[in-house]
Amino acid sequence: MLALAILPSLLAQSSGVLTVAPLEKARVKRGDEFSSKIAVQVKPGFHVNSNAPEDEYLIPLKLTWSGPLQVESIDFPKAEKIKTPFQEKPLVVYTGAFDIETKFKVPANAPDGPNMASGKLRYQACNDHECLRPQTVDVNLSLEIR
Amino acid sequence: MRSPGSALSFAFLCLLLVGCSRTSTSVKAASAADEPSANDSPIHKPAPDFALKDRDGATVHLSDYKGKVVMLDFWATWCGPCKIEIPWFMEFEQQYKDKGFAVLGVSMDEGGWDDVKPYIEERKINYRILLGDEKVDHEYGGIDSLPTTFLIDRSGKIAAVHVGIEKGKNELRDEIDQLLAAKDVTNARAGDPAVVAGAK
């Protein structure tokens, strides 16, 4: 039972200070529209830039997908503004846990059967005294297309 | 004969082990600022030479600076904490450039000079900026965190390493002063590295 309980965290994709929970398999039909939420967790003490940082030099959080699905939209949550010792203006960031929702459409010509949409979440994290170099976490969405 | 239940438990145990090993990897990456163990410490070791380009396209070697104290700073335009140190380093460059000292900034920006040149101009950075590459990253132990600053003595050996902002301006200045004052000692005992007090 314990193993069952901790299984999702074992399968989480992690890179540096950011972890992504595994996505549930999507069973969909051609022409369907559906959404999938990525649950992201940032290590305490660190922040990652939002998808729209206000400083042009900062590296935004970016999610890209490849595979048989058409991406309709990617919705990032509202970011928070934090004050740091190194920036006059507040930084627009994510900390802790948050979700990113992608709305997909299954194309009419998508192949039948099992398939995979592959996502890449690129982020850049810092704390008050250091920054980590940009990293990318793979996010896999298993599909069963009918 | 293993029962289906125990087989399932075994499978989960395997997953657990795989999961743990993955977690260890991420923890290692996450604690890039952790102090290296004594065996891994770069202190006393020769600073690896490199050949990197500056903004004018000139090739710069660390060995060009032999005989000087060098503050080698790995940084990036997207690194907030680096912004705190850059004015300090400009001040050090101005104050010590005629006393056998130089700051070299190695940018780890993936966007190259298109990102770095405007930043240098905006901030009027007065010390030499070089563009880093995978080779220098690897040879300096894998630069996961920025800023990472190496203080290199006159004999070309690493005297101190600071990952992140762990020292204030005055403490860094004291370290530079110590290394510049060690000139005579270094000359008297050729090859002996100077080490700043409290260096990691």
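Keep in mind that this is a model prediction, so the values were computed, not measured.

Peer 1: Lay out the overall build of chain B with the relevant residues and their values.
Peer 2: Helices and strands together make up the secondary structure of chain B, namely six helices and eight strands. Ordered by position from N to C terminus, the α and β elements of chain B give α-β-β-β-α-β-α-β-α-β-β-β-α-α. Buried residues in chain B amount to 34% of all 200 residues. Look at the contacts in chain B between residues 6 or more apart in sequence, and 75% of them connect residues 24 or more apart.

Peer 1: Before we move on, could you go through helix H5 (residues 169-181) of chain B and cite the residues and values that matter?
Peer 2: A rise of 1.5 Å per residue sets the reference length of H5 of chain B, with its 13 residues, at 18 Å; its end C-alpha atoms lie 18 Å apart and thus fit the reference within 8%. In this structure, the buried side of H5 of chain B is in contact with strand E3 (69-75), helix H2 (80-96), strand E4 (101-107), strand E7 (148-152) and strand E8 (158-163) of chain B.

Peer 1: Summarise the environment of Gly 112 of chain B; cite the residues concerned and give the values.
Peer 2: Relative to the assigned elements, Gly 112 of chain B resides in the loop between E4 and helix H3 (113-123). The spacing of Gly 112 of chain B and Leu 172 of chain B is 60 residues in sequence and 28 Å in space, taken between C-alpha atoms.

Peer 1: Mind laying out the sheet that holds strand E6 (residues 62-66) of chain A, listing which residues take part and the relevant values?
Peer 2: Hydrogen bonds between backbone atoms are what pair the strands of a sheet, whose relative direction is either parallel or antiparallel. Residues and elements named next belong to chain A. Pairing in this open sheet of four strands is mixed, and the strands run E3-E14-E11-E6 from one edge to the other. Two strands in the sheet have a free side with no partner beyond their single neighbour: strand E3 (26-28) and E6. The mean angle between the axes of side-by-side strands here comes to 30 degrees, regardless of whether they run parallel or antiparallel. Looking at chain direction, E6 and strand E11 (residues 113-123) are connected through five bridges and run antiparallel.

Peer 1: Quick one: what's the story with the nonpolar core, residue by residue and with numbers?
Peer 2: Ranked by internal contacts, the top residues of the largest apolar core, which has 75 residues, are Leu 18, Val 42, Val 48 and Ala 125 of chain A together with Val 106, Leu 146 and Ile 152 of chain B. The element best represented in this core is E3 of chain B, accounting for six residues. Setting aside its immediate chain neighbours within four residues, Val 106 of chain B contacts Leu 52, Leu 72, Asp 73, Phe 74, Leu 130, Gly 132 and Val 136 of chain B.

Peer 1: Give me the lowdown on the sheet that holds strand E10 (residues 97-105) of chain A, citing residues and values where you can.
Peer 2: Residue and element names in this part refer to chain A. Strand order in the open sheet formed by five strands is E1-E2-E4-E10-E7, with antiparallel pairing between adjacent strands. Of all strands in the sheet, those bounded by a partner on one side alone are strand E1 (13-15) and strand E7 (70-75). Sheet twist, expressed as the average angle between the axes of neighbouring strands with direction ignored, equals 25 degrees. Judged from the three bridges that link them, E1 and strand E2 (residues 18-20) form a sheet pairing that is antiparallel.

Peer 1: Just give me the short version of the pairing of strand E5 (residues 128-131) of chain B, but keep the residues and values in it.
Peer 2: Taken together, the four bridges between E4 of chain B and E5 of chain B define a ladder with parallel strand orientation. Bridge pairing in E5 of chain B places Val 106 of chain B opposite Leu 130 of chain B.

Peer 1: Describe unusual backbone geometry, with residues and values.
Peer 2: Residues and elements named next belong to chain B. For the bond from Leu 146 to Pro 147, the omega torsion is -5 degrees, close enough to zero to count as cis. Mapped onto the secondary structure, Pro 147 falls in the loop between strand E6 (145-146) and E7. Positive phi values are uncommon outside glycine, yet His 44 reaches one of about 80 degrees. For His 44, the position within the fold is in the loop between helix H1 (4-30) and strand E1 (51-53).

Peer 1: An account of the packing of H2 of chain B against H5 of chain B is requested, with residue identities and associated values reported.
Peer 2: All names here are of chain B. Here H2 crosses H5 at 30 degrees, and the two axes come no closer than 11 Å. One way to sum up the angle between H2 and H5 is to call them roughly parallel. H5 is crossed by H2, and the crossing has right-handed handedness. In contact with Trp 88, Phe 92 and Tyr 96 of H2, H5 contributes Lys 169, Leu 172, Arg 173, Ile 176 and Leu 180.

What counts, and at which threshold
- Residues numbered from 1 in each chain as written.
- Chains lettered and ligands numbered in written order.
- Predicted model: local features only at pLDDT ≥ 70, side-chain atom pairs only at ≥ 80, totals over all residues.
- Helix = DSSP H or I, 4+ residues; strand = E, 2+ residues; numbered from the N terminus.
- Buried ≥ 20, exposed ≤ 12 C-beta atoms within 10 Å, placed from the backbone.
- Contact = placed C-beta atoms within 7 Å.
- Expected span 1.5 Å × (residues − 1).
- Pairing = 2+ DSSP bridges.
- Axes fitted to C-alpha atoms, helices over the stretch in contact; angles between N-to-C directions.
- Core = buried A, V, L, I, M, F, W, Y, C linked by C-beta atoms within 7 Å.
- Parallel < 35°, antiparallel > 145°, perpendicular 65-115°, else oblique.
- Left-handed = near helix turned anticlockwise from the far one by under 90°.

That is the geometry; function is a separate question.
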